[in-house]
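Working through the structure, step by step
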Amino acid sequence: LQLAVAAGFGGTLAKLSTIECTPLLHERVVLEAMIDGWPDSAVCCLRKQGAVTRLAVAKACESLRLMILGDPSPFHTPDDVAFFVDHPGFPFEFKYAPLDDLVPFMKLETRLARALAWHRSETRFSDFLRRTLASAALPLPDGRIVGLSAPALELVDACLFGRRVLLK
């Protein structure tokens, strides 16, 4: 996936959906990037393609916290999970190796911190955009001036960034 994004196929990925009919770019790709600890350059490419974290951040954080406690990755197959259960001493670096061979191994705590930082920066931008739009006065042809209502601001925010999430 990282190669597809870097090769400029992010626009195509943005059009695809998962089996659950969720946007592939905003859910599966962002989730993989967060859980596997994709490098900043790949995350930057995702952001340029319009990928947002709200749809994946809660699942990524929950998965990473569970992985820190020893649970399997959400990307492990049932066979992988069975193997790791049968081999409890298997090296950590192999158990939680990124799916993409181009991604260097990174500690799970670091991956979690980076996922949260990515989400925080996106949240700051969303808040800035909402404040900017809320303060905008739009002149109408008849001379009246209107502003965006709170529901309209919520709709714009949700369209650009997805539904807001509260992280534990």
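You'll find the structure just up there.
Now for a look at the structure at hand. (Residues numbered from 1 in each chain as written. Predicted model: local features only at pLDDT ≥ 70, side-chain atom pairs only at ≥ 80, totals over all residues. Heavy atoms only, no water.)

Things to note about the pattern of salt bridges
For the record, the criterion: We define a salt bridge as a side-chain nitrogen of Lys or Arg found within 4 Å of a carboxyl oxygen belonging to Asp or Glu. For the purposes of this entry, the term helix denotes a DSSP run of H or I that reaches at least four residues, the term strand denotes a run of E that reaches at least two, and both are numbered from the N terminus. Accessible area is worked out with a 1.4 Å probe on protein chains only. A residue is then buried under 20% of its type maximum, exposed over 50%, and partly exposed in between.
A complete count under the given rule lists six salt bridges for this structure. Across the pair Arg-164 and Asp-127 runs a salt bridge whose closest N-O atoms are separated by 3.2 Å. One end of the pair, Arg-164, is in the segment after helix 8 (150-161); the other, Asp-127, is in helix 7 (residues 108-135), with 37 residues separating them in the sequence. Assessed through its relative accessible area of 29%, Asp-127 is described here as partly exposed. Across the salt bridge formed by Asp-157 and Arg-164, the nearest N and O atoms sit 3.5 Å from each other. Here Asp-157 falls in the buried class, since its relative accessible area comes to 3%.

Things to note about helix 8
Along an α-helix, a turn takes 3.6 residues, which lines up residues three or four apart on a common side. For the record, the criterion: Given the number of residues in a helix, its expected span is that number minus one, multiplied by 1.5 Å. Pairs of residues are marked as contacts when any of their non-hydrogen atoms sit within 4.5 Å.
Between its first and last C-alpha atoms helix 8 spans 16 Å; for 12 residues at 1.5 Å apiece the expected length is 16 Å, and the two agree. Tucked into the core, helix 8 has its buried residues touching helix 7. Of the residues flanking the end of helix 8, it is Gly-162, one or two places downstream, whose phi is positive at about 90°.

Details of the side chain of Ser-126
Keep this limit in mind: Pairing of N or O atoms within 3.5 Å defines a polar contact, subject to two protein rules: one partner must be a possible hydrogen donor and the other a possible acceptor, and residues neighboring in sequence count only if both atoms are side-chain atoms.
Within the secondary structure layout, Ser-126 lies in helix 7. A polar contact is formed between the side chain of Ser-126 and the side chain of Arg-54, at a distance of 2.9 Å. If sequence neighbours within four positions are ignored, Ser-126 has contacts with Arg-54, Asp-157, Phe-161 and Arg-164.

A few points about the side chain of Asp-36
Selection criterion: For the purpose of charge, His is not counted, nor are the chain termini; Lys and Arg are scored as positive and Asp and Glu as negative.
With respect to the element layout, Asp-36 can be found in helix 2 (residues 24-36). Arg-111 provides the closest opposite charge to the buried, unpaired Asp-36, separated from it by 4.4 Å. Ignoring any residue separated from it by four or fewer positions in sequence, one finds Asp-36 in contact with Phe-75, Pro-98, Leu-99, Asp-100, Val-103 and Arg-111.

Focus: a nonpolar patch on the surface
What counts is decided by this rule: Patch membership is restricted to residues that have no salt bridge and whose relative accessible area is over 30%. Joining uses 9 Å for like charges and 5 Å for the nonpolar side chains Val, Leu, Ile, Met, Phe, Trp and Tyr. Only the protein chains shown count as cover for residues, and the accessible areas themselves come from Shrake-Rupley with a 1.4 Å probe.
A contiguous nonpolar patch, built from Leu-138, Leu-140, Val-146 and Leu-148 and spanning about 260 Å² of accessible area, is present on the exposed surface. Its location among the elements puts Leu-148 in the loop between strand 2 (145-146) and helix 8. Exposure remark for Leu-148: the relative accessible area of 32% places this residue in the partly exposed category.

Regarding the packing of helix 4 (residues 57-68) against helix 7
How we decide: Note on geometry: axes are C-alpha line fits, over the in-contact stretch for helices, and angles between N-to-C directions span 0 to 180 degrees. Orientation labels follow simple angle bins: below 35 degrees gives roughly parallel, above 145 gives roughly antiparallel, 65 to 115 gives roughly perpendicular, and whatever is left gives oblique. Two helices cross in a left-handed way if the nearer one is turned anticlockwise from the farther one by less than a right angle. They cross in a right-handed way if the turn is clockwise. Throughout this entry, Asp, Glu, Lys and Arg are counted as charged residues, while Ala, Val, Leu, Ile, Met, Phe, Trp, Tyr, Cys and Pro are counted as nonpolar. The remaining residues, Gly among them, count as polar.
Two numbers describe how helix 4 lies on helix 7: the axes approach to 9 Å, and their chain directions differ by 165°. One finds that helix 4 runs roughly antiparallel with respect to helix 7. The way helix 4 lies across helix 7 gives a crossing that is left-handed. Taken together, the residues of helix 7 that come into contact with helix 4 (itself represented by Val-57, Cys-61, Leu-64, Arg-65, Met-67 and Ile-68) are Leu-108, Glu-109, Arg-111, Leu-112, Ala-115, Leu-116 and His-119. Grouping the amino acids of the contact of helix 4 with helix 7 by side-chain chemistry returns nine nonpolar, one polar and three charged.

Concerning the packing of helix 3 (residues 40-48) against helix 7
The N-to-C vectors of helix 3 and helix 7 enclose an angle of 35°; their axes lie 13 Å apart at closest approach. The handedness of the crossing between helix 3 and helix 7 is right-handed. Mapping the contact onto sequence places Asp-40, Val-43, Leu-46 and Arg-47 in helix 3 and Arg-114, Trp-118, Ser-121 and Glu-122 in helix 7. For the contact of helix 3 with helix 7, the residue count by class is three nonpolar, one polar and four charged.

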